Amino acid sequence: MPEGHTLHRLARLHQRRYAGAPVAVSSPQGRFADSAVVDGRVLRRASAWGKHLFHHYADGPIVHVHLGLYGTFTEWAVPPGAARVALPEAVGQVRMRMVGADHGTDLRGPTVCEVIDEGQVSDVIAKLGPDPLRADADPSWAWRRITKSRRPIGALLMDQTVVAGVGNVYRSELLFRHRIDPFRPGRDVDAAEFDAAWGDLVALMKVGLRGGKIIVVRPEHDHGPPSYRKGRPRTYVYRRAGEPCRVCATEIRTTTLEGRNVFWCPTCQT
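Note that the structure is predicted; figures quoted are calculated from it, not measured.

**Describing a positive patch on the surface**
Side chains of Arg9, Arg12, Arg16, Lys206 and Arg210 sit close together on the surface and give a patch of like positive charge. Going through the elements one at a time, α1 (4–18) and α7 (191–211) are the ones with two or more residues in the positive patch. Ranked by the residues each element gives to the positive patch, the list is headed by α1, at three residues. Relative to the elements of secondary structure, Arg16 occurs in helix α1. Overall, the relative accessible area of 61% leaves Arg16 in the exposed class.

**Observations concerning unusual backbone geometry**
Positive phi, normally seen in glycine, also occurs at Arg179, with a value near 55°. Looking at Arg179, the relative accessible area reads 29%, which means it is partly exposed. The backbone of Glu258 sits at a positive phi, close to 50°, despite the residue not being glycine. Its location among the elements puts Glu258 in the loop between β9 (253–257) and β10 (260–264).

**Looking at the nonpolar core**
Counting residues in hydrophobic clusters, the biggest one holds 36 residues, and the most contacted among them are Ile146, Ile153, Val163, Tyr170, Phe176, Phe194 and Leu201. Elements represented by at least two residues in this core include exactly α4 (139–147), α5 (153–156), α6 (168–177) and α7. Counting 22 residues, the second-largest nonpolar core is a separate cluster that includes Tyr18, Val23, Ala48 and Cys113.

**Details of the state of the cysteines**
Tallying each qualifying case throughout the model produces zero disulfides. Lacking any disulfide linkage, Cys248 is separated from the closest cysteine sulfur, that of Cys265, by 3.6 Å.

**Focus on the sheet that holds strand β5 (residues 72–77)**
As summarised here, the arrangement of the four strands in space is β1-β6-β7-β5, forming an open sheet in which the pairing is antiparallel. Unpaired on one side and paired on the other, β1 (24–26) and β5 mark the two borders of the sheet. Neighbour-to-neighbour, the strand axes of this sheet turn through a mean angle of 15°, independent of strand direction. For β5 and strand β7 (residues 103–108), the ladder comprises six bridges, and the chain directions are antiparallel. Within β7, the position partnered with Thr74 by the bridge is Asp106. In the packing of α1 onto the sheet, the strands contacted are β5, β6 (94–99) and β7, and the crossing angle to β5 comes to about 30°.

**Points about the packing of aromatic side chains**
Given two aromatic rings, their pairing is described by the distance between the two centres and the angle made by the two planes. The full count for this structure, using the stated rule, is six aromatic pairs. Taking 5.4 Å as the distance between ring centres and 75° as the angle between the ring planes, the aromatic pair formed by Phe183 and Trp264 counts as edge-to-face. A residue pair is termed long-range when its members are at least 10 positions apart, and Phe183 in the loop between α6 and α7 and Trp264 in strand β10 qualify at 81 residues. Here Trp264 falls in the buried class, since its relative accessible area comes to 10%. Through pairs of rings, three or more aromatic residues link up here, namely Trp143, Phe194 and Trp198. Note that Arg179 overlies the ring of Phe176, its terminal NZ or CZ placed 4.8 Å from the centroid.

**Concerning the sheet that holds strand β3 (residues 52–57)**
Read from one edge of the open sheet, four strands run β2-β3-β4-β8, paired in antiparallel fashion. Each having just a single partner strand, β2 (43–49) and β8 (112–116) make up the two edges of the open sheet. Geometrically, the sheet is characterised by an average inter-axis angle of 15° between neighbouring strands, direction not taken into account. Where β2 meets β3, six bridges bridge the pair, whose relative direction is antiparallel. Residue pairing in the sheet places Ser47 in a bridge with Phe54 of β3. Along the sheet face, α1 touches β2 and β3 and points at about 170° away from the line of β2. The strands touched by helix α3 (residues 118–126) are β2, β3, β4 (62–66) and β8; relative to β3, the strand with the most contacts, the crossing angle is about 165°.

**What about α1?**
An α-helix turns once every 3.6 residues. As a result, residues three or four positions apart point the same way. The end-to-end C-alpha distance of α1, which contains 15 residues, comes to 21 Å, matching closely the 21 Å that a straight helix rising 1.5 Å per residue would cover. Once α1 ends, the next one or two residues include Gly20, with phi positive near 90°.

**Quick notes on the domain arrangement of the protein chain**
Assigned domains within the protein chain: domain 1 (4–127) and domain 2 (139–264). Between the C-alpha centres of domain 1 and domain 2 there is a distance of 31 Å. At the interface, nine residues of domain 1 touch 14 residues of domain 2. Taken together, the two surfaces of domain 1 and domain 2 that pack against each other cover about 870 Å², and 61% of this comes from carbon and sulfur. When the buried surface of domain 1 facing domain 2 is broken down by residue, His5, Arg9 and Lys51 rank first, second and third, together holding 58% of it.

Parameters at a glance
- Residues numbered from 1 in each chain as written.
- Predicted model: local features only at pLDDT ≥ 70, side-chain atom pairs only at ≥ 80, totals over all residues.
- Heavy atoms only, no water.
- Patch = residues over 30% accessible without salt bridge, like charges linked within 9 Å, V, L, I, M, F, W, Y side chains within 5 Å.
- Areas by Shrake-Rupley, 256 points an atom, 1.4 Å probe, with all protein chains shown as cover.
- Salt bridge = Lys/Arg side-chain N within 4 Å of Asp/Glu carboxyl O.
- Lys, Arg positive; Asp, Glu negative; His and termini not counted.
- Charge placed at Lys NZ, Arg CZ, Asp CG, Glu CD.
- Helix = DSSP H or I, 4+ residues; strand = E, 2+ residues; numbered from the N terminus.
- Buried < 20%, exposed > 50% of the residue type's maximum accessible area, 1.4 Å probe, protein only.
- Core = buried A, V, L, I, M, F, W, Y, C linked by side-chain atoms within 4.5 Å.
- Disulfide = S-S within 2.5 Å.
- Pairing = 2+ DSSP bridges.
- Axes fitted to C-alpha atoms, helices over the stretch in contact; angles between N-to-C directions.
- Contact = heavy atoms within 4.5 Å.
- Phe/Tyr/Trp six-rings, centres within 6.5 Å; stacked < 30°, edge-to-face > 60°.
- Lys NZ or Arg CZ within 6 Å of the ring centre and 35° of its normal.
- Expected span 1.5 Å × (residues − 1).
- Domains from an automatic or database assignment.
- Buried area = accessible area lost by both parts, 1.4 Å probe.

Right, dumping it as C-alpha cells:
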C-alpha cells in the first residue's frame, strides 16, 4: 500500500499539472458515475492527508481518493494541437481519467473514488491522526493516544487514527532506528523516545516526499546485502527476515502483528 509521502507527491504533481484550469474528468468504464459532477470544472487545488488525496474543484465538489492496496495513477502527456483527439486508449479498469492542457492521468484500482463536499472531507480528516508531512500536524495528539494504550507500538504506528500516512516500511524502519521493539506496549514508550521518533519520522518522510523513495539506512550502514527488491534503497529490517542485521549481524525476524507482517532485530530493539 502506498505510504503517505506518495499521496503528497501526487497532490503536488496534480497541483502543478492541472490546478487553475478546467479539467476533463471521465470514467471510461462507467465505474465512477459522479465524474460528470466535476467534468469541465476548474481544479482549484490538490491536497493530501495521510493516505487520502483530495481534488478540490471550483464551486465546491471534491474528489476523494484512497488508493488502498492496488490503486495507482498512470501519468501521460497530452499530444499538442489537433493531435489532442488521439488520446491514449483507456486500458484496463480505469476508474477515473483526468485530462488537462498538457497532461492526463488514469486512476486504476482505488479503494475509494468519490465526490464529496467540504463537510464530508472534515468527517474523513476527523478520523485520522496527525500527518507528519503537514505543517499543522500536532504530535501531542498521537502521543496522548499512544501513552494510554496497551497495544504494541508497532500496531499503533500503523493505525491511521493515531498517525496518518505511516505504512509498513516506515513503521518497521522507524522502530529499528530508535531501538524500540515493535511489541512494546505503547504506554511503555517514554516521552523522549516518542519525541525523537516523531522528529525522525518527519525528516524521513520529507526525504521520501522530495525523492519518491523511502531512504532510511544511514550512510555508515548502507552496504552489505542488497535491497529486498531491485531499484529500491536498502532497508534495515523491512522484508529482510532471515538475513543478518546491518548493525549487529543478528538474524532479522518477522511475524504477523494485527494482520500485517512486522520485521525487527531482536538484539538491537528492546
